[in-house]
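Residue-level structure breakdown
Here's the letter readout for the chains.
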Amino acid sequence: MIESKTATGNCLLSYNILLLLVNSTLFFATQNVMLPVFPVYIMSIGGTERTVGLLVGVFSLSAVVFRVYFAKLAQRRQGKYLLGLAIFICSTAPLLYLVDLGWWYLVLVRVYHAASLSAFITASQTLLADLSTEQNRGRLFGYYNAASGVAMAVAPSLGNLVAVRWGYGAFFASVAMLGFAMIPAQLLLREPQTTPLGADQVAASISNMFKDRWIWTSSVSLFFVTMSIGALASFLPLQALALGLSEMGIYYTAFSLMFLMSGFISGLLSDKYGRKRAVLPFFILVVLGLALLIPLSNYVGLVLVGLLIGSGFGAINTVLLALVMDKTSPGGRSQAVSFFNNHFDLGFSTGAMLFGSIAAHSFGLLWAVMAGLTMLGFALLVFLLPSS
């Protein structure tokens, strides 16, 4: 990792920050555009539901493994190098899906593609922390999550339109073009002046991830929330289908819009009133959204669920990430980003893969369990996170 000598102060939309946010929007678009199309593509070339689940799971688990390595790499190289690596991978990986060399080949492509997610998130969040101060960090990470929200709101529907109208070749080519579109901003981006850390400082920052109550409490709390998000991704479409609610797009639209808005608003609130005080009410919104899924019967309820869970999750992710960055030294930021986001991915994967038997028995029971796990994350923050 690197130690920043300068900060942007109150210049929230400085040149470097703007370039980083532009590329973050494009990068998250390359990821979100795959969500509605990739499973259908796999089925179209002879895959099954199990094949889809395997390829999705391989991507998530590979991202966890790569993130550990990239966090160490970020301590020895500049973040811009890691961003460049992510851009190269996400520009080339989509084209590899079009080559038919069997299922094991597709597994390798998914592993390769996952490296871009790990590299970009590790580098971009670490750089954003280096370019911010504790006084404006909540707002800047709010902008960062807003960039993700914009991509989430727009990219899936556009990607699906391209795939349906022009085919999968045009779709994967357009995803690759989004990656190439990040090159100009990447070339113009300048890092803050830095000084390499000594080996003893690097080792200390790694061990502190497991000793610092701020970091592990925030990360484990996020893990319980993202278990619910993973379960929603896997099982809410099945519940909606069973109820005859075929237009799931309205849920994703409601979720993404509130994710975008709440990330920005909660960032401002956390800068003014403190991270812990700002984040706790948003756990209640997620729990309320999960509770409304139990008696779900119509589109009004589906939209309301999207609004509640999107607003709650957008705020929780933004504020807890800002909190972790506040309590981490510049030398430990890449490790903190890796630690925090691995809990995100592990929670999502766990929720998506391990609760199928409960969903098969009762969707209502599933959402009750998810609400209880979310409340467990809430309790961790209330009772274990220091108040200062």
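Structure report, in brief. (Residues numbered from 1 in each chain as written. Predicted model: local features only at pLDDT ≥ 70, side-chain atom pairs only at ≥ 80, totals over all residues. Heavy atoms only, no water.)

A few points about the overall build of the chain
Quick reminder of the rule: Every helix listed is a DSSP run of H or I at least four residues long, and every strand listed is a run of E at least two residues long, numbered separately from the N terminus. Type-normalised accessible area, obtained with a 1.4 Å probe on protein chains alone, sets the label of each residue: buried when under 20%, exposed when over 50%, and partly exposed for intermediate values. In this analysis, two residues are considered to be in contact whenever any of their non-hydrogen atoms come within 4.5 Å of each other. Method for areas: the Shrake-Rupley scheme with a 1.4 Å probe, in which residue coverage is limited to the protein chains shown.
In terms of helices and strands, the chain carries 16 helices and 2 strands. The proportion of buried residues among the 388 residues of the chain is 55%. Sequence-distant contacts in the chain: of pairs separated by 6 or more residues, those separated by 24 or more amount to 85%. Looking at the chain as shown, the accessible area adds up to about 16100 Å², and 69% of this sits on carbon and sulfur atoms.

Notes on the packing of aromatic side chains
The condition that has to hold: Between 30 and 60 degrees the pair is tilted, below 30 it is stacked and above 60 it is edge-to-face, where a pair is any two Phe, Tyr or Trp rings, Trp via its six-membered ring, whose centres lie within 6.5 Å. A positively charged side chain is recorded as over a ring if its NZ (Lys) or CZ (Arg) lies within 6 Å of the ring centre. The angle to the ring normal must also be within 35 degrees.
In the structure shown here, the tally under the stated rule is 18 aromatic pairs. With centroids separated by 5.9 Å and ring planes inclined at 70°, the aromatic side chains of F27 and F28 adopt a geometry described as edge-to-face. No difference in accessibility class separates F27 from F28, as the two residues are buried. Grouped by ring-pair contacts, the aromatic residues Y251, Y252, F255, F259, F313 and F344 constitute a single cluster. For R165, the ring lying beneath its charged end belongs to W166, and the centroid distance is 5.6 Å.

Things to note about the packing of helix α10 (residues 213-242) against helix α16 (residues 363-384)
Counted only if it meets this: Axis angles are defined between N-to-C directions and span 0 to 180 degrees, where every axis is a line fitted to C-alpha atoms and, for a helix, only to the segment in contact. Angular relationships are summarised with four words: roughly parallel below 35 degrees, roughly antiparallel beyond 145, roughly perpendicular across 65 to 115, and oblique for the angles in between. Helix crossings fall into two classes, left-handed where the near helix is turned counterclockwise from the far one by less than a right angle and right-handed where it is turned clockwise. Ten residues, namely Ala, Val, Leu, Ile, Met, Phe, Trp, Tyr, Cys and Pro, are considered nonpolar, four, namely Asp, Glu, Lys and Arg, are considered charged, and the remaining ones, Gly among them, are considered polar.
It is at 9 Å that the axes of α10 and α16 come closest, and there the two elements cross at 165°. Relative to α16, the element α10 is oriented roughly antiparallel. Crossing hand, α10 versus α16: left-handed. For the contact of α10 with α16, the residue count by class is 20 nonpolar, 7 polar and 1 charged.

Here we look at the nonpolar core
Convention followed: The term nonpolar core refers to a set of buried residues drawn from Ala, Val, Leu, Ile, Met, Phe, Trp, Tyr and Cys, joined through side-chain atoms within 4.5 Å.
Counting residues in hydrophobic clusters, the biggest one holds 110 residues, and the most contacted among them are F171, L232, L236, L290, I316 and W367. Dropping the residues within four chain positions of it, L236 is found in contact with A231, M248, Y251, L293, L296, L302 and W367.

Regarding the packing of helix α5 (residues 103-130) against helix α6 (residues 137-166)
Remark: α5 packs on α6, axes separated minimally by 10 Å, with the N-to-C direction vectors making an angle of 150°. Handedness of the α5/α6 crossing: right-handed. Residues I121, S124, Q125, L128 and A129 of α5 form the contact with α6, whose participating residues are R137, L140, F141 and Y144. Taken together, the residues that form the contact of α5 with α6 break down as 6 nonpolar, 2 polar and 1 charged.

A closer look at the side chain of S24
Following the sequence through the fold, S24 ends up in helix α1 (residues 15-32). A residue is classified by how much of its surface remains accessible, and S24, at 0% relative accessible area, is buried. Discounting residues that sit within four places of it in the chain, S24 has contacts with F120, S124, Y144 and A147.

A short note on the pattern of salt bridges
Keep this limit in mind: Salt bridge, as applied in this entry: a Lys or Arg side-chain nitrogen positioned within 4 Å of an Asp or Glu carboxyl oxygen.
Evaluated as defined, the whole model comprises 3 salt bridges. Across the salt bridge formed by R67 and D345, the nearest N and O atoms sit 2.7 Å from each other. Linking R67 in helix α3 (residues 49-74) with D345 in helix α14 (residues 333-353), this pair joins segments that are 278 residues apart in sequence. By relative accessible area, R67 is classed as buried at 1%.

What about α5?
Going by this rule: Expected helix span is computed as 1.5 Å times (number of residues minus one).
For α5, spanning 28 residues, the distance from its first C-alpha to its last is 41 Å, which sits close to the expected 40 Å at 1.5 Å a residue. The buried fraction of α5 amounts to 23 of the 28 residues, a majority that puts the element mostly inside the structure.

Some thoughts on the environment of G179
Structurally, the position occupied by G179 is in helix α7 (residues 168-180). Sequence separation between G179 and F88 is 91 residues; the distance between their C-alpha atoms is 7.5 Å.

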